[in-house]
Amino acid sequence: MKKPDRSLGRVAAIVGMGDAYADEQNVKDPLQLANEATWGAIRDAGIKKDDIDILLTGRAPWADRRPQWNNIFASYLQLPVRMTTELTFHGAGVNAMIGQAALAVAAGVADYVLCVQADAVQLFIDATAVGAATDACPQFEFPYGPTIPTIYAQLACRYMHEFDVTEEDFAEVAVQRQEWAVHHPKAAKRKHGLITVEDVMKSPYISSPLRRWMCAVWGPGGTAGAFIVTSVERAARAKNPIYIHGFGTCTTHEYLCERINLRKSRIPLGPLPALTTTGAAYAAKEAYEMADMQPQDMQLAALAGNFSHTVLVQLEDLGFAPKGKAMDLMRSGRMRPGGDFPVDTNGGWMGFGQPGISVAADSLVETIRQLRGNPLGLKAGNNPKVAMAYSAGGMLACHSAVILGTEKS
Amino acid sequence: MLEQGEFANFKESYPQPRVTQDALPYWEAVRNKKLLFQRCPACSGAIFPPRSICPMCDAGAKPAWEQSKGAGSIYSFSVVHRPPSAIWKSHAPYTIGLVRLDEDYFLFAEIEGKPEDMAVDKRVQVNFPDREVPLPTFRLV
Ligand SMILES: [Zn+2]
């Protein structure tokens, strides 16, 4: 497989970042959220709106599923651009956008690329119903009545079976996500306070073995993240640039029934058929190689753990723990508040919540805020200079990783 | 603003499978209480979901339909306690899993039986219950 040029890890930086939030008392739709975040990013970058050459968005927000949403947003901004497209990587689109923006900058076709993702599921739609209907195969899965947790639970079942992991282990993952979430003013689960393993084990099954506390919630009401990418040369004039050291993406399937029937793959997924290694491993490997870094060089990470078991699988696939051993890292306490390897510092997808497809933008916002030392919630205790933001989309389908840092490499 | 499109109706009735051209023989067989799958004449691989050209090898061969014995084992399962919409509530809790058929392909399907009896590797047999929407399910053997 063609490897990306490693010099791509030295060409681009994020010079502007904006975030926006909505809730029941302060209702905003995805266009409003994206707009607010975009203007925040423009001001942060110190540029003018018309400096933007390319607009990238993720797939259309669940709360506004009009096709060509990227174009709708471009015209909402009155922003004629050279190029605009949606990166339909499910929720993983936002990290993938950063990579595509860096490519555009490297190719010299754009000075500034605006990357935006917004959603507001909880305020506008019945996500449980629509989610299953969107992400289950409409022919061979959805007629049986699964939810998104039911589809993800197939991996949870196999992970427990293959690696002797227990429901109590899954409960511990939820406890540690909540330790960060209680400090974040926008986190959907902040209001519940700290929890114990017993609390998690007492919560009802949503789809076994996943109990309520082991699942992300649809919330907060709405969020958006906007990011402006430019060249490292232009970034030298910016006040707070975050350098893009590496990026990697891959996608392996759409529906779970296709994934489990996959018998060979040039993207390494371990011995097939199996579910317990995902494309995250490959996306991360590409990012590490481009950055000329190792997993142990990461001083902070933002995962895409919508359920307890996906947190564990991702820690392994991203190289932070051997396969089947992520619980050892979890129990070490290194990822908790005060630890030397803070992970999911906004509470992660489980604690902060999933406002919709903007959830990955929230993780990227959190990563940049921590690198700049101005998080909305608890500050990482180790003053991180290099971090990985990883995002997943679909039913274990789409994977994107970016390695960001405060120093030019 | 919300566009749910083809997903709008399932809350009031069980969803019909969105049948593809490749899978017409599969669904015709299901109505006759038979389970079909495809096999590649070149690489002999069992193919599912159905295709018009084998994706598992480079021969570009047209898959042939075969009848499955419908016997397999549970690869993974989950008991659904909170269904996707109101229509499923009376049916819950129900179990959905990945079943590895003896012909070496996988189906995502309901597994009938008591939730507490479900376990990885347990043997199952295909079943065609009389329901509003005909679907193959599995039963613990
Ligand atoms: Zn073949």
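Residues numbered from 1 in each chain as written. Chains lettered and ligands numbered in written order. Predicted model: local features only at pLDDT ≥ 70, side-chain atom pairs only at ≥ 80, totals over all residues. Heavy atoms only, no water.

Student: Got a minute to help me understand the coordination of the zinc ion in this structure?
Tutor: When a metal holds four donors in a tetrahedron, each ideal angle between them is 109.5 degrees; when it holds six in an octahedron, the ideal angles are 90 or 180 degrees. All names here are of chain B. Bound to the zinc ion are the protein donor atoms Cys 40 (SG), Cys 43 (SG), Cys 54 (SG) and Cys 57 (SG), situated 2.3 to 2.4 Å from the metal. For the zinc ion, the donor residues sit on a single chain with the sequence spacing C-x2-C-x10-C-x2-C. For Cys 40, a relative accessible area of 3% gives the class buried. (Donors = N, O, S within 2.8 Å, 3.2 Å for Na, K, Ca; no water. Buried < 20%, exposed > 50% of the residue type's maximum accessible area, 1.4 Å probe, protein only.)

Student: What's the story with the environment of Pro41(B) in this structure? I'm lost.
Tutor: All names here are of chain B. Looking at the element boundaries, Pro 41 is found in the loop between strand S1 (36-39) and strand S2 (46-47). Taking the relative accessible area as the measure of exposure, Pro 41 reaches 57% and is therefore exposed. Each C-alpha atom, one on Pro 41 and one on Ala 61, is 6.8 Å from the other, the two residues being 20 residues apart in sequence. (Helix = DSSP H or I, 4+ residues; strand = E, 2+ residues; numbered from the N terminus.)

Student: When you look at the side chain of Thr310(A) in this model, what are you seeing that I'm missing?
Tutor: Residue and element names in this part refer to chain A. Tracing the backbone shows Thr 310 in helix H12 (residues 308-317). Within the structure, the side chain of Thr 310 is placed 2.8 Å from the side chain of Asn 306, a separation counted as a polar contact. What Thr 310 contacts, discounting residues up to four positions off in sequence, is Tyr 152, Leu 155, Ala 304, Gly 305 and Leu 396. (Polar contact = N/O pair within 3.5 Å; in protein donor to acceptor, adjacent residues only side chain to side chain. Contact = heavy atoms within 4.5 Å.)

Student: Quick question: what am I supposed to make of the interface of chain A and chain B here?
Tutor: Much of the literature gives interface size as the accessible area that the parts lose upon coming together. Counting residues at the interface gives 47 residues for chain A, matched by 49 residues for chain B. Summing both partners gives a buried area of about 4300 Å² for chain A against chain B, and 62% of it is carried by carbon and sulfur. Together, Gln139(A), Phe140(A) and Tyr144(A) form the three largest contributors to the area buried by chain A at its contact with chain B, with a combined 19%. Linking chain A with chain B are 2 salt bridges. Its salt-bridge partner being Asp104(B), residue Arg263(A) comes within 3.1 Å of it at the nearest N-O pair. (Buried area = accessible area lost by both parts, 1.4 Å probe. Salt bridge = Lys/Arg side-chain N within 4 Å of Asp/Glu carboxyl O.)

Student: Help me understand the environment of Gly405(A) in this model?
Tutor: All names here are of chain A. By secondary structure assignment, the location of Gly 405 is in strand S11 (residues 398-405). Residue classification places Gly 405 among the buried positions, given a relative accessible area of 0%. Linking Gly 405 and Pro 375, residues 30 residues apart in sequence, is a C-alpha distance of 15 Å. Those residues in contact with Gly 405, other than ones at most four positions away along the chain, are Ile 242, Tyr 243, His 245, Leu 371, Lys 385 and Val 386.

Student: I keep staring at the sheet that holds S1(B) and nothing clicks. Help me out?
Tutor: The strands making up a sheet associate through hydrogen bonds between their backbones, and the pairing can be parallel or antiparallel. Residue and element names in this part refer to chain B. The 3 strands are arranged S2-S1-S3 in an open sheet whose pairing can be described as antiparallel. A strand with exactly one partner marks an edge of an open sheet, and here the two such strands are S2 and strand S3 (64-67). Sheet analysis places S1 next to S2, joined by 2 bridges and oriented antiparallel. Pairing of Gln 38 across the sheet is with Ile 47, part of S2. (Pairing = 2+ DSSP bridges.)

Student: Where do I start with helix H6 (residues 148-163) of chain A in this structure?
Tutor: All names here are of chain A. For H6, with 16 residues, the first-to-last C-alpha span of 23 Å sits near the 22 Å given by 1.5 Å per residue. For H6, the principal kink sits at Gln 154 and spans about 25 degrees. With 13 of its 16 residues buried, H6 lies for the most part within the structure. Of the residues flanking the end of H6, it is Asp 164, one or two places downstream, whose phi is positive at about 55 degrees. (Expected span 1.5 Å × (residues − 1). Bend = angle between axes of the 7 residues up to and from the residue.)

Student: Looking at this model, I keep getting lost on the nonpolar core. Mind explaining?
Tutor: If you look at soluble globular proteins, the nonpolar side chains tend to sit buried side by side. Residues and elements named next belong to chain A. Phe 227, Phe 320 and Met 388 are the most contacted members of the largest nonpolar core, which totals 153 residues. The element best represented in this core is H6, accounting for 9 residues. Beyond its immediate sequence surroundings of up to four residues, Met 388 is in contact with Ala 284, Ala 287, Tyr 288, Met 298, Leu 300, Ala 301, Ala 302, Leu 318, Phe 320, Ala 401, Val 402 and Ile 403. The next biggest cluster of nonpolar side chains, apart from the first, holds 34 residues, and it includes Ala 22, Ala 224, Ile 228 and Ala 238. (Core = buried A, V, L, I, M, F, W, Y, C linked by side-chain atoms within 4.5 Å.)

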